[in-house]
Amino acid sequence: MSTTRSGIEVKPVYGPDDVGQPPPPPGEYPFTRGIHPNMYLGKLWTMRQYAGFGTPRETNQRFKYLLGQGQTGLSLALDLPTQLGIDADDPEAEGEVGKVGVSIGSLADMEELFTGIPLGKVSTSMTINATAPILLAMYEEAARKQGVADDRISGTVQNDLLKEFGARGAWLFPIEPSMRLACDLIEDTVKRLPRFNPISIASHYRDAGANPAEEMAYTLCAGKAYVENLLARGLAADSFAPRLSFFFYTYTNFFEEVAKYRAGRRIWARLLKEKYGAKEPESWRLRAACVCGGHSLTRAEPLNNIARTTLETFAVACSGLQSVFTAAYDEAFAIPTELSARTALRVQQVVAYETEVAQTVDPLGGSYFVEALTDRMEEAIGKTMAEIDERGGFVEALRSGYVQQRIAQRAYEHQRAVEKGDVAVVGVNKFRTVGEAHEEPEMEITSASPEAAREAATRVARVKKEREARKARAALRALSEAAAGQGNLQPHIRCSWESPASTATTAVRASSRRPCATPAWRWCTPGCARAFRRSRRRRCRKTST
Amino acid sequence: MQEDVDVIGLSILSGAHESICRRLVEELKKQKADIPVVVGGIIPAVDHEGLRALGVAAVFGPESPLGAVVETVRALASGQPIPENARPAPAGIAATRLDHTAICVKDIRASIALIEDILGQKAAHEEYVPAQKVDAAFFDFPNGASLELVCPRGNAGLEKFLEKRGDALHHLALRVKDIDAVLKRLDARGVPLVDKVGRPGARGHRVAFLHPKAFGGTLLELVEAHEEPST
């Protein structure tokens, strides 16, 4: 018998005996068929292409280009130094500035990034985690300077630190302080910015190797960990659950992906209603964005990737997700070119406007196969979630390395299966073109200009020189004192923007809370930060011994 | 180093491989630590040789076979040479195609007329290239390759060539992606070069010549295509 990627056995034919009770209509608990009764007839999914490289100015131009092409939301890619709170002029940032995203070192950079883009109308998703509190504070301030009211600011910060430990690795603080910062941001944001998603619980486990059922299981387990942290603060589930959002990966295993999303919605709704006691249907709904692409795309014969992302995007359209990023066919090479970025957006538009998939809610609902596979996926996801529970929950399973080990094992198994030919990858292990096409394909490669890095470094250095050092220092000291206590840190991070210290750079802010346990960290940024850091180091030494 | 590592493996997907590897290798040298470094990730083939020139023992791009990675690391850890089948082919010039073949001629008008007559092919492009002090004419073939006629107008080297050999095949031109990076790599390997950086050539391309000694007496030209505006 054949199996799916999650190891679920698949029969040659399905019939009425394979399915149980038909699920309730879309928009009804447990939302197997979709979180809204009318789904895309009410609002099409948001087409949100991930973009960002080089300087704020370059990214601003790409954003305007994408909006001009009919994109409906922005998705901001930030470079690794920004993700890790390292200034562009820091030696540690060398070679990385502006590479995998745009470099944002100060409020001025954030303002320039959105010049001419009305933040009251366009929503922005920021893929930012460890430094999410800082980037959100900057974004809010940039929006306010445009005259946008708090209740009009909309978007998402990824702010999911658990997947950094499980799969991605870009964390700054150990797991508990990371959880504190992430949940501080959620708690603070749900009170003030009613249209902003303070977290996007993300499934990078999949791109690191997990199978689809495990991907959903780990991600929902992470969701549970955040919910439990917020409940432990005394918050009611209904005060924050409606603002939790998710982010998944979709590959070419079409039917299993559809079943994964239908099963995931069902499990999340039951958890929120039955386990966490949420009363509002809004709290039960699993709202999700996704990426089509990632590890499913190949370096060999890159144009084949357009076929892959088309199928993936169609799978998502059949699954009823809220926001879609379709990767560009050259993703395995470099930053997308305007052509590849536009083509990726066109893939979404073809699916949305030519296939007529958006005319019917849950178009695969009632298929013997899809309903049966949804049930089997629910069982498989539930099994993995139970294994995590047995290990003391997701935080504990991450701390012990259990999750990471399992993902690595899966990645190894998958690679072996590809090399043995058990899993087909067209153009790689099947139907591969012999000869020239297997050499590196000739592609136009966009890369961030070295000038971008120099410009970013100069800008940061100028901010450091021109700010009022004494006031910046005072604001940082206040923040640092708050960090030693138990209170919510997000207001302190945000409040210091309103003072002249608003020009404090990203790195200073991150380092003010970076524990001295990080061995790679060197105390080498000039200016006011140095004195502050000395005091911080002493405090760290005291508390860590 | 404190943990007595045998091999250092880096996984870099951000595009910063050049800078990270350079800093790591320098630091290892400074510490007098003889630990082999291997790198994997999204690393374009054109960068592989540059990384090896820095002292990186092996580079694995996307879709590298697992077995080759394992064997390489195992060999490096035990001080054995990397097995031949695990060794990725050297990137070399990494030409993407033959750009053109050039014939040096005394009388470009007469030669154009001759080729138009014999090949039944019109000259697609003619220009004077000031940086090279030559007249050039191109006949383009449907597969993208061209035949170039080149005629000196103040270019002493070509005049000497004509004196010695008369009208004759002069050079092969290969299309490359990042001409300055390729030249830098070749130079680092001690390949004799006429030009160490790209110079303006015909059709707005940037070009450079290798010394004939570099390639068994045949003159090679490298061409980095001028980006044509997309229509």
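Residues numbered from 1 in each chain as written. Chains lettered and ligands numbered in written order. Predicted model: local features only at pLDDT ≥ 70, side-chain atom pairs only at ≥ 80, totals over all residues. Heavy atoms only, no water.

Visitor: Please clarify how the sheet that holds strand 6 (residues 124-126) of chain A should be interpreted in this entry.
Guide: Within a sheet, each strand pairs with its neighbour through backbone hydrogen bonds, oriented either parallel or antiparallel. Residue and element names in this part refer to chain A. Spatially, the five strands line up as an open sheet ordered 4-5-6-7-8, and their pairing is parallel. Two strands close off the open sheet at either side, each with one partner strand: strand 4 (50-51) and strand 8 (196-197). Of the pairings in the sheet, the one linking strand 4 to strand 5 (residues 74-76) comprises two bridges and is parallel in character. Its bridge partner lying in strand 5, Ala-51 is registered against Leu-76. Relative to strand 6, helix 4 (residues 132-145) is tilted by about 155°, and along the sheet it contacts strand 6, strand 7 (155-157) and strand 8. (Pairing = 2+ DSSP bridges. Helix = DSSP H or I, 4+ residues; strand = E, 2+ residues; numbered from the N terminus. Contact = heavy atoms within 4.5 Å. Axes fitted to C-alpha atoms, helices over the stretch in contact; angles between N-to-C directions.)

Visitor: For this particular structure, what's the right way to read the layout of surface pockets?
Guide: Rolled over the atoms, a probe as big as a water molecule pinpoints where empty space is left. Residue and element names in this part refer to chain B. One number sums up the size of the second largest pocket: a volume of about 860 Å³. Here the lining of the second largest pocket gets six residues from one element, more than from any other, and that element is helix 5 (residues 156-165). Grouping the constituent residues of the lining of the second largest pocket by class yields 16 nonpolar, 11 polar and eight charged. (1 Å grid on protein atoms, 1.4 Å probe; cavity = no way out; pocket = protein on both sides within 12 Å on 5 of 7 lines; lining within 4 Å. Points joined across faces, edges and corners; volume = space filled by probe spheres on them. Nonpolar A, V, L, I, M, F, W, Y, C, P; charged D, E, K, R; others polar.)

Visitor: Whenever I open this one, the interface of chain A and chain B confuses me. Can you help?
Guide: When the parts of a complex come together, some accessible area is lost, and that lost area is often taken as the interface size. Taken together, the contact between chain A and chain B spans 24 residues of the former and 19 residues of the latter. Interface area for chain A against chain B, summed over the two sides, is near 1600 Å², with a carbon-plus-sulfur share of 50%. The interface formed by chain A and chain B contains three salt bridges. The salt bridge partner of Glu-94 of chain A is Arg-23 of chain B, with a shortest N-O separation of 3.9 Å. Here chain A is connected to chain B by nine residue pairs in polar contact (both at pLDDT 80 or more). For the side of chain A that touches chain B, a count of residues per class yields 10 nonpolar, three polar and 11 charged. (Buried area = accessible area lost by both parts, 1.4 Å probe. Salt bridge = Lys/Arg side-chain N within 4 Å of Asp/Glu carboxyl O. Polar contact = N/O pair within 3.5 Å; in protein donor to acceptor, adjacent residues only side chain to side chain.)

Visitor: What's the story with the sheet that holds strand 9 (residues 199-202) of chain A in this structure? I'm lost.
Guide: Residue and element names in this part refer to chain A. Spatially, the five strands line up as an open sheet ordered 3-12-11-10-9, and their pairing is parallel. Two strands lie at the open edges of the sheet, namely strand 3 (46-47) and strand 9, each paired on one side alone. Pairing of strand 9 with strand 10 (residues 244-250) involves four bridges; the strand directions are parallel. In the sheet register, Ser-200 faces strand 10, and the bridge partner there is Ser-245. Along the sheet face, helix 8 (residues 212-232) touches strand 9 and strand 10 and points at about 165° away from the line of strand 10. Helix 10 (residues 254-275) rests against strand 10 and strand 11 (288-292) of the sheet, and its axis sits at about 160° to strand 10.

Visitor: What is the right way to read unusual backbone geometry from this model?
Guide: Apart from glycine, the bulk of residues carry a negative phi angle, and the bulk of peptide bonds sit in the trans form. With an omega dihedral of 0°, the bond running from Tyr-29 of chain A to Pro-30 of chain A counts as a cis peptide bond. Turning to its location among the elements, Pro-30 of chain A is positioned in the loop between strand 2 (9-10) and strand 3. Even without a glycine there, the phi angle at Glu-356 of chain A is positive, about 65°. Checked against the element boundaries, Glu-356 of chain A lands in the loop between helix 13 (338-353) and helix 14 (368-390). Phi is positive for Lys-32 of chain B, which is not a glycine, with a value near 55°. With respect to the helices and strands, Lys-32 of chain B occurs in the loop between helix 1 (17-30) and strand 2 (37-41). Overall, Lys-32 of chain B belongs to the exposed group, its relative accessible area being 75%. (Buried < 20%, exposed > 50% of the residue type's maximum accessible area, 1.4 Å probe, protein only.)

Visitor: Explain the pairing of strand 10 (residues 206-209) of chain B to me, please; I cannot follow it from the model alone.
Guide: Taken residue by residue, a regular strand's side chains alternate between the two faces of the sheet. Residue and element names in this part refer to chain B. The pairing of strand 9 (residues 199-200) with strand 10 spans two bridges and is antiparallel. In the sheet register, Arg-199 faces strand 10, and the bridge partner there is Val-207. Between strand 9 and strand 10, which pair antiparallel in sequence order, lie five residues; one of them, Arg-203, sits at a positive phi of approximately 60°. Here strand 10 pairs with strand 11 (residues 219-224) via four bridges, running antiparallel. Bridging across to strand 11, Val-207 finds its partner in Val-223.

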